[in-house]
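Per-entry structural report
Spelled out from the first residue to the last, the chains are:
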Amino acid sequence: MTTTQPPGQPLGSLPPREHLRLGQITTVLDVVVPVYNEERDLEPCVRRLHEHLVRTFPYTFRITIADNASTDRTPEVAAFLDESIDEVTAVRLEEKGRGRALRTVWSLSEAPVLAYMDVDLSTDLNALLPLVAPLISGHSDLAIGSRLNRGARVVRGPKREFLSRAYNLILRGSLAARFSDAQCGFKAIRGDVAARLLPMVEDTGWFFDTELLVLAERAGLRIHEVPVDWIDDPDSTVHLVRTATDDLKGVWRVGRALATGALPLDRLARPFGDDPRDRELSGVPGGLARQLVGFCVVGALSTLCYLGLYSLFRLGVGPQTANAAALLVSALGNTAANRRLTFGVRGRDRAVRHQAQGLVVFAIGLVLTSGSLAALDAASGTPAHGTELAVLVAANLAATVLRFLLFRAWVFPDRERADETAAVPPPVPHDRNDRNDFSRSAR
């Protein structure tokens, strides 16, 4: 699905979310069912899903069977369903991998809302409309079914329950993930988001879902969660040990990429003003409100770090030396945090220059705080430790205002951030006619 960016929008970012213009869309929802050697379960799954959509879904839809190089009669069953049901399409891929199947079909689908579900239909289909409704309305970018959310009702063995909860704890601890269930086979995504996000996802297997969600969340996209009713499939062919090992490798790879700033997540960002109420603001430079909030949060944490370091250093050295050392260490961390979180500059380009400029700003802060300490010492001789801290807090507040102005106007100016965004090439839109390149299942 090709989208047109509104005038004045930074190149590479996503447009504001809007309700889909349903009257102009041939197929609103494309539900992909990835399968591998599912000759027994495929037909009852597709017929049940089709009947449910016909009966309850108020918009046009398509069901796409994505056959992952099956070696049994799955291709023949898929071809039969393709011929007998108008809303069903069968696609044959010659390589295995659920992630590969989803990326291939989603990339070439013209539907504005894309979803997938496992062939075993463990998830109650009544959750399908609540899953895709926030995407149609423009409220959310992705939606996931959750077996771990409050309100979910789940029937499965203790082994899978333990593994699922342990995996999600690992994601929260290592990748700071906030979504509750990464692996439930019941997800949806807007087509314009998929066009930007899918090229960044490397995994072609079971980790595909997790990588997709982590990158979306880190880019600030909105993920809607739907608590589901879910019954475990006792005949599942998923190899738990191998899948768990591959997932942990994926966590390490994605964590390293995020830590080094190797992923161009800026192209997934929604502009400030996505909420129509924000567009009524007048006289406020773009991004100023968000930057102020980010700068204050980073500043508060830096101040706590600075005071702790000062108190620690003060045990062994004089106040001026302790102040300089604590301010230097906290300033390096403050510049790095503001660079990424407040002003949205990622990657290693110009990082050394930014730190050098940050040290100049640090020197200004050092003059203010050191001058305050010198004035206090001259006025009272031997001030109490609490008095020193109070004077330093006041001096740091004054330095903070000046630091923000220098960061915004000199270290991370709007022009430089715009240049970095423009340097990210926009993804090449997929031609809808490419769908004809698919090989249909053998008939």
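Heads up: the structure comes first, above all this text.
Read on for an overview of the structure. (Residues numbered from 1 in each chain as written. Predicted model: local features only at pLDDT ≥ 70, side-chain atom pairs only at ≥ 80, totals over all residues. Heavy atoms only, no water.)

So, on to helix H12 (residues 385-411). Residues three or four positions apart in an α-helix share a direction because the helix packs 3.6 residues into each turn. Between the first and last C-alpha of H12 there are merely 34 Å, a value that for 27 residues lags more than 12% behind the 39 Å anticipated at 1.5 Å per step. When we look at burial in H12, the residues that qualify are Glu 388, Leu 392, Ala 395, Asn 396, Ala 399, Arg 403, Phe 404, Phe 407, Arg 408 and Val 411. (Helix = DSSP H or I, 4+ residues; strand = E, 2+ residues; numbered from the N terminus. Expected span 1.5 Å × (residues − 1). Buried < 20%, exposed > 50% of the residue type's maximum accessible area, 1.4 Å probe, protein only.)

It is worth spelling out unusual backbone geometry at this point. In the Ramachandran plot, Leu 121 falls in the positive-phi region, its phi being about 50 degrees despite a non-glycine side chain. By the element assignment, Leu 121 lies in the loop between strand S4 (113-117) and helix H4 (128-137). Of note in the backbone geometry, Ala 176 takes a positive phi value of approximately 55 degrees without being a glycine. With respect to the helices and strands, Ala 176 occurs in the loop between helix H5 (158-175) and strand S7 (186-190).

Moving on, we get to the environment of Leu 29. Within the secondary structure, Leu 29 is located in strand S1 (residues 29-35). As a C-alpha pair, Leu 29 and Arg 62 span 33 residues in sequence and 6.3 Å in three-dimensional space. Residues within four places of Leu 29 in sequence aside, it is in contact with Leu 53, Phe 57, Thr 60, Phe 61, Arg 62, Ala 111, Val 113, Ala 115 and Val 132. (Contact = heavy atoms within 4.5 Å.)

So, about the environment of Thr 369. Along the chain, the position of Thr 369 falls in helix H11 (residues 351-380). Residue classification places Thr 369 among the buried residues on the basis of a relative accessible area of 0%. As a C-alpha pair, Thr 369 and Val 391 span 22 residues in sequence and 8.2 Å in three-dimensional space. With residues near it in sequence (within four places) discarded, Thr 369 still touches Asn 323, Leu 327, Leu 392, Ala 395 and Asn 396.

So, about the sheet that holds strand S8 (residues 223-227). Taken together, seven strands build an open sheet; the order of strands is S3-S2-S1-S4-S7-S5-S8 and the sheet is mixed. Both edges of this open sheet fall to strand S3 (88-93) and S8, since each of them pairs with a single strand only. Within the sheet, the average angular offset between the axes of one strand and its neighbour, ignoring direction, is 20 degrees. In the packing of helix H1 (residues 42-56) onto the sheet, the strands contacted are S1, strand S2 (61-68), S3 and S4, and the crossing angle to S2 comes to about 165 degrees. (Pairing = 2+ DSSP bridges. Axes fitted to C-alpha atoms, helices over the stretch in contact; angles between N-to-C directions.)

We now examine the environment of Ala 262. Mapped onto the fold, Ala 262 is located in the loop between helix H8 (240-260) and helix H9 (288-313). Accessibility expressed as a relative area gives 53% for Ala 262, which makes it exposed.

Across all of its chains, the model carries ten aromatic pairs by this definition. Aromatic side chains Phe 295 and Phe 407 sit 6.2 Å apart centroid to centroid with 85 degrees between the ring planes, which places their arrangement in the edge-to-face category. A residue pair is termed long-range when its members are at least 10 positions apart, and Phe 295 in helix H9 and Phe 407 in helix H12 qualify at 112 residues. Three or more aromatic residues link up through ring pairs in this structure, and these residues are Phe 295, Phe 343, Phe 404, Phe 407 and Phe 412. In this arrangement the basic side chain of Lys 96 is found over the ring face of Tyr 36, its NZ or CZ atom lying 4.1 Å from the centre. (Phe/Tyr/Trp six-rings, centres within 6.5 Å; stacked < 30°, edge-to-face > 60°. Lys NZ or Arg CZ within 6 Å of the ring centre and 35° of its normal.)

Along the polypeptide, Ser 180 turns up in the loop between H5 and S7. Residue Ser 180 is classed as buried on the basis of its relative accessible area, which comes to 11%. There is a polar contact of 2.6 Å between the side chain of Ser 180 and the side chain of Ser 146. Of note is the side chain of Ser 180, whose polar atom sits 2.6 Å from the side chain of Glu 225. (Polar contact = N/O pair within 3.5 Å; in protein donor to acceptor, adjacent residues only side chain to side chain.)

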